[in-house]
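Okay, here's what each chain looks like letter by letter:
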Number of protein chains: 2
Amino acid sequence: LISLPNPCDLLLSSDSLVEGVHFTKELFSPYDIGWKSSAVNISDMAAMAADPLYMLVNISLPKSLENKDSWLLEFYRGLCDCNDKHGSVKVIGGDLTGSLRDIFISVSIIGKADARGVIFRSSARAGQFIAVSGKFGNSNSYLNSLKAGLEERSSNPEDEVYFLRPRPRLLESKKILELNDSSRVALMDSSDGLAQALFEIAEQSKVCIEIDFNAIPKDPHVSLNQALYGGEDYELVASLDKVPTNFTILGRTLEASNSKEVYVYDKKSKQKLKKNEIYRHF
Amino acid sequence: LISLPNPCDLLLSSDSLVEGVHFTKELFSPYDIGWKSSAVNISDMAAMAADPLYMLVNISLPKSLENKDSWLLEFYRGLCDCNDKHGSVKVIGGDLTGSLRDIFISVSIIGKADARGVIFRSSARAGQFIAVSGKFGNSNSYLNSLKAGLEERSSNPEDEVYFLRPRPRLLESKKILELNDSSRVALMDSSDGLAQALFEIAEQSKVCIEIDFNAIPKDPHVSLNQALYGGEDYELVASLDKVPTNFTILGRTLEASNSKEVYVYDKKSKQKLKKNEIYRHF
């Protein structure tokens, strides 16, 4: 039961984390899974510049899992640590069931729209800046180093932070609202990759996006492909008029000559991003 | 984004349905799974006499599942059929992901509290009637006939309806509010069995419950054990002052001599219900 004393706009969103798809027991501790279950959902709120308030947490654990109680305690320690660091999001319910073989987590999050407005993916206009928070590809770099040999984890500590302890960009989304009219901002998180976020904004807003591949913030050990197509970075990708400090400008939005066909491409090489490289978690 | 023009109380609830635990592909069509995913969540709203409004639907499908598109279409046909029959509940979001081996469904439901109040499990008082909607054990009878031999389904058509097409008792819960003060009603659905619902009301409200085993509404082919401990009937179990027509009175609530230890027992035999018979789906 949640009481809303004033008329308001609520935003709801839901994300699942599935064993063998989004995480494995070998690579993620229960604490890691809990943190990430919170982070990916709070990141959805950040992408709408909303204030996360409540969570429903559904967990299905296989009958074969040993020490279910301590697994749940560690999971909730991770989830609540992330919740507490991002506006004290409260768990108000959920469901705990068995499963046949795999762990399945499903979190729904309820947030309050910022009084200055809600940000949608479809609000980009031609002539705006494309800007991003943070940097890209570290999470994918960590995953690739794992794939190369389960024992040989990436030596870059930032890779591990990006992969295991993503930090939703709530404050960064608020900075966007401080400088811009919400109706003139399109915003997404990069959970499915930077390229995917750019495509989504282009398609929903019916604009073309021209970026400079060289401007994409990334560490030296991260490849351009990892930065473009690697997912799970949970950075913000925005089309807006005024760029907050700490954001990096990647390029501009352009009028689409044909609204049915929009492109995302590199300014210098004119190379178009490939559309079919949908991010795969494992 | 949902806009709430007036101050109001929202009720949120979430239930998972997991392959191999709550359903199997052999026994349930995608339509059946969709219907049940809606019904179990709307039933949670009925147990609080709330008006269901919105749903978030998370689905994880194994990579090996053939014809995913038609599976999803049939699932949503079942889910929406049940939604439309119970106040036009709208699906406003969710998540579709892969899974390694099993199908996982997780639905969150958002409802509006009835202006006359919210019903909790903890509001029973000594001296009230214990009354129930419908009848019990048909779902378990169907499940048992399946277990006896997968080919030999129960010949009783009502068993199949209870098992595959449960009907949440929304209207029945409203009838309770028409006759009673919401602060003097305790209510649960019998998804985990009649006995479990009685225990829950007794423990949350700190009352003893005296019922007449012979008064439990059940079909002749259903055993008392099936009616008491078989789950998934989604009937309403209430402690209240005034009993609506179409409800059956099973017994009364009594002052508990020791609030730490409450009992549910048969009036004639004084036989106490067993507490450890937690309902298992499969």
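A brief report on the enclosed structure follows. Note that the structure is a prediction, hence the values are computed from the model and not measured. (Residues numbered from 1 in each chain as written. Chains lettered and ligands numbered in written order. Predicted model: local features only at pLDDT ≥ 70, side-chain atom pairs only at ≥ 80, totals over all residues. Heavy atoms only, no water.)

## Let's talk about the packing of helix α3 (residues 138-148) of chain B against helix α4 (residues 157-164) of chain B
Residues and elements named next belong to chain B. Here α3 crosses α4 at 100°, and the two axes come no closer than 7 Å. The orientation of α3 with respect to α4, classified from their angle, is roughly perpendicular. Contact residues: α3 offers Asn138, Ser139, Ser141, Tyr142, Leu143 and Leu146, while α4 offers Glu158, Asp159, Glu160, Tyr162, Phe163 and Leu164. A per-class count over the contact of α3 with α4 returns six nonpolar, three polar and three charged. (Axes fitted to C-alpha atoms, helices over the stretch in contact; angles between N-to-C directions. Helix = DSSP H or I, 4+ residues; strand = E, 2+ residues; numbered from the N terminus. Parallel < 35°, antiparallel > 145°, perpendicular 65-115°, else oblique. Contact = heavy atoms within 4.5 Å. Nonpolar A, V, L, I, M, F, W, Y, C, P; charged D, E, K, R; others polar.)

## Section: the side chain of A:Asp189
Residue and element names in this part refer to chain A. Tracing the sequence through the fold places Asp189 in strand β7 (residues 186-189). A polar contact of 2.6 Å, which involves the side chain of Asp189, links it to the side chain of Ser43. For Asp189, the side chain forms a polar contact with the side chain of Ser191, separated by 2.9 Å. Once you skip the residues sitting within four places of it in the chain, Asp189 turns out to touch Ser43, Asp44, Ala47, Ala197, Tyr234 and Glu235. (Polar contact = N/O pair within 3.5 Å; in protein donor to acceptor, adjacent residues only side chain to side chain.)

## Thoughts on the packing of helix α1 (residues 30-46) of chain A against helix α2 (residues 68-84) of chain A
Helix-helix packing is characterised by the crossing angle of the two axes and by the distance between the axes. Residue and element names in this part refer to chain A. Contact pair α1 / α2: the axes reach a minimum separation of 6 Å and the direction vectors enclose 35°. Note on packing geometry: the crossing formed by α1 with α2 is right-handed. Residue-level contacts link Pro30, Tyr31, Ile33, Gly34, Trp35, Ser37, Ser38, Ala39 and Ile42 of α1 to Trp71, Glu74, Phe75, Arg77, Gly78, Leu79, Asp81, Cys82 and Asn83 of α2. Classifying every residue of the contact of α1 with α2 gives ten nonpolar, five polar and three charged. (Left-handed = near helix turned anticlockwise from the far one by under 90°.)

## A look at the sheet that holds β7(A)
Residues and elements named next belong to chain A. Spatially, six strands are ordered β7-β9-β6-β10-β8-β11 in an open sheet, and the strand pairing comes out mixed. Of all strands in the sheet, those with a lone pairing partner are β7 and β11 (264-266), marking the two edges. With direction set aside, neighbouring strand axes in the sheet form an average angle of 25°. (Pairing = 2+ DSSP bridges.)

## A few points about the pairing of strand β5 (residues 104-112) of chain B
All names here are of chain B. Of all nine residues in β5, eight are buried, a share of seventy percent or more. Here strand β2 (residues 8-18) runs beside β5; their pairing, made up of nine bridges, is antiparallel. By the bridge assignment, Leu11 is partnered in β5 with Gly111. (Buried < 20%, exposed > 50% of the residue type's maximum accessible area, 1.4 Å probe, protein only.)

## Description of the environment of A:Ala113
Residue and element names in this part refer to chain A. On the secondary structure map, Ala113 appears in the loop between β5 (104-112) and β6 (129-133). The class of Ala113 is buried, set by a relative accessible area of 10%. For the pair Ala113 and Leu61, spaced 52 residues apart in sequence, the C-alpha separation works out to 33 Å.

## Concerning the state of the cysteines
The tally for this structure, following the rule as stated, stands at zero disulfides over all chains. Free of any disulfide, B:Cys80 has its nearest cysteine sulfur in B:Cys82, 10 Å distant. (Disulfide = S-S within 2.5 Å.)

## A closer look at the relation of the copies chain B and chain A
Two copies of a chain can be linked by a rotation about an axis combined with a shift along that same axis. Superposition of chain B onto chain A requires a rotation of 180° combined with a translation of 0.0 Å along the rotation axis, giving an RMSD of 0.0 Å. These values place the two chain copies in the arrangement generated by a two-fold rotation axis. Counting the interface residues of chain B, we find that 100% of their copies in chain A are interface residues as well, pointing to one common contact surface. (Least-squares fit on C-alpha atoms with pLDDT ≥ 70 in both.)

## Focus: the sheet that holds strand β6 (residues 129-132) of chain B
All names here are of chain B. As summarised here, the arrangement of the six strands in space is β7-β9-β6-β10-β8-β11, forming an open sheet in which the pairing is mixed. The outermost strands of the open sheet, each flanked by one partner alone, are β7 (186-189) and β11 (264-266). Taking each pair of neighbouring strands and ignoring which way they run, the sheet shows an average axis angle of 25°. Bridging between β6 and strand β10 (residues 248-255) involves four bridges; their strand directions are antiparallel. In the strand pairing of β10, Phe129 is matched with Arg252.

## Re the interface of chain B and chain A
Contacts between the two partners involve 40 residues from chain B, matched on the other side by 40 residues from chain A. The tally of links from chain B across to chain A stands at two salt bridges. Of the charged contacts in the structure, one is a salt bridge between B:Arg101 and A:Asp102, with a shortest N-O distance of 2.6 Å. Of all the elements in the fold, those that place two or more residues in the side of chain B that touches chain A are β1 (2-4), β2, β3 (51-62), β4 (90-99) and β5 of chain B. Here the side of chain B that touches chain A is composed, by residue class, of 18 nonpolar, 15 polar and seven charged. (Salt bridge = Lys/Arg side-chain N within 4 Å of Asp/Glu carboxyl O.)

## Considering unusual backbone geometry
Residues and elements named next belong to chain A. The phi dihedral of Lys206 falls on the positive side, at around 55°, and the residue is not glycine. Summarising the element assignment, Lys206 is placed in the loop between α6 (194-205) and β8 (207-211). On the accessibility criterion, Lys206 (47% relative accessible area) is partly exposed. With a phi close to 55°, Tyr234 is a non-glycine residue in the positive phi region. As for its placement among the helices and strands, Tyr234 is situated in the loop between α7 (224-229) and β9 (236-240).

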